[in-house]
Amino acid sequence: MGEHKDRMLAGEPYRDNDPELVAERLRCQGLLDRFNATRAGQDVQRRSILDELLGEIGEGSWIMPRFQCDYGSLIRLGRNSFLNYDAIVMDCAPITIGDDVSIGPRAQLLTALHPMDDHALRRDRWETAAPIAIGDNVWLGGGVIVCPGVSIGPNAVVGAGSVVTRDLPEKVFAAGNPARVIRTL
C-alpha cells in the first residue's frame, strides 16, 4: 500500500487525488457500472459482481441498483441484509453493516471528513475518514444520512430523512436532523 492509502485507513489526513486511490476508485466504478447495468432477474450476475466488489457480503444479502461507493473493499455487509435503491456508501473508512439490516432507498453512509477551518488544505484535496458501524437488525428509513464516525446499536430504527451525527444506542427509535432518540423499543 502507498502512503496515502495507509493514512486513509489509519484515519489520518490523506489526499484523495493520490494515483493509487484514484486507480482503486476507477476499478470500483467499473464494477459499479456493470452492476448498475444489470437487468431485472439477473440476480446471479449481481451477486457475482458484489462478491468481487465488496470486502464481504453475507449469505442472503442483496443490494438494489443504482448503488454507488468509493472503493467497495471497505464495506462489510452481514447476512440477510438489504440496501434499497440508490444507496450511496462512501467507504473511505471501513463500513460495517450487521446481519438482518434493512436500509431504505436513497440512504447515504458517509465516512469522509474535509477540513473546515483550513481552506488551503481543503483546496489541496486533503481529507480524513472515520468508520461507520451499523449493528444487527437495524432499520434505516428512506433518505437517512449517517455521518462519519457514527455507530448505530443493534435493533435500532432511524426514521426516514434523518441525519445521524452521533452514536445511537441499541433498541431505540431515533429521528430528526440531527437525529435524536425519540423512545426506546
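Given the structure is predicted, the values throughout are model-derived calculations rather than measurements. (Residues numbered from 1 in each chain as written. Predicted model: local features only at pLDDT ≥ 70, side-chain atom pairs only at ≥ 80, totals over all residues. Heavy atoms only, no water.)

Visitor: Go over the sheet that holds strand β2 (residues 56-57) with me, naming the residues and quoting the values.
Guide: Each strand in a sheet pairs with its neighbour through backbone hydrogen bonds, running either in the same direction (parallel) or in the opposite one (antiparallel). In spatial order, the strands read β2-β5-β8-β13-β16; together these five strands make up an open sheet with parallel pairing. Of all the strands in the sheet, the pair left with one neighbour each is β2 and β16 (151-152). Two elements, strand β8 (residues 95-97) and strand β13 (residues 132-134), share three bridges in a ladder whose sense is parallel. When the sheet's bridge partners are listed, Ile97 is paired in β13 with Ile134. (Pairing = 2+ DSSP bridges. Helix = DSSP H or I, 4+ residues; strand = E, 2+ residues; numbered from the N terminus.)

Visitor: Now, about helix α3 (residues 43-53): what can you tell me, with residues and values included?
Guide: Taken together, the buried positions of α3 are occupied by Arg46, Ile49, Leu50 and Leu53. The buried residues of α3 occupy an angular sector of 100 degrees when the element is viewed end-on, so they sit on one face. Where α3 is buried, its residues contact α2 (19-36), β2, β3 (62-63) and β4 (67-69). (Buried < 20%, exposed > 50% of the residue type's maximum accessible area, 1.4 Å probe, protein only. Arc of directions from axis to C-beta. Contact = heavy atoms within 4.5 Å.)

Visitor: I'd like a description of the packing of aromatic side chains, backed by residues and values.
Guide: Summed over the entire model, instances satisfying the criterion amount to two aromatic pairs. On the numbers, 6.4 Å between centres and 80 degrees between planes, the contact of Phe35 with Phe67 is edge-to-face. Within this pair, whereas Phe35 is found in helix α2, its partner Phe67 is found in strand β4, the two being separated by 32 residues in sequence. Across this residue pair, the class does not change: Phe35 and Phe67 are buried. Where Trp62 meets Phe82, the ring centres are 4.7 Å apart and the plane angle is 40 degrees; that geometry is what we call tilted. Here Trp62 is found in strand β3, whereas its partner Phe82 is found in strand β6 (residues 82-83), with 20 residues between them in sequence. For Phe82, a relative accessible area of 17% corresponds to the buried category. (Phe/Tyr/Trp six-rings, centres within 6.5 Å; stacked < 30°, edge-to-face > 60°.)

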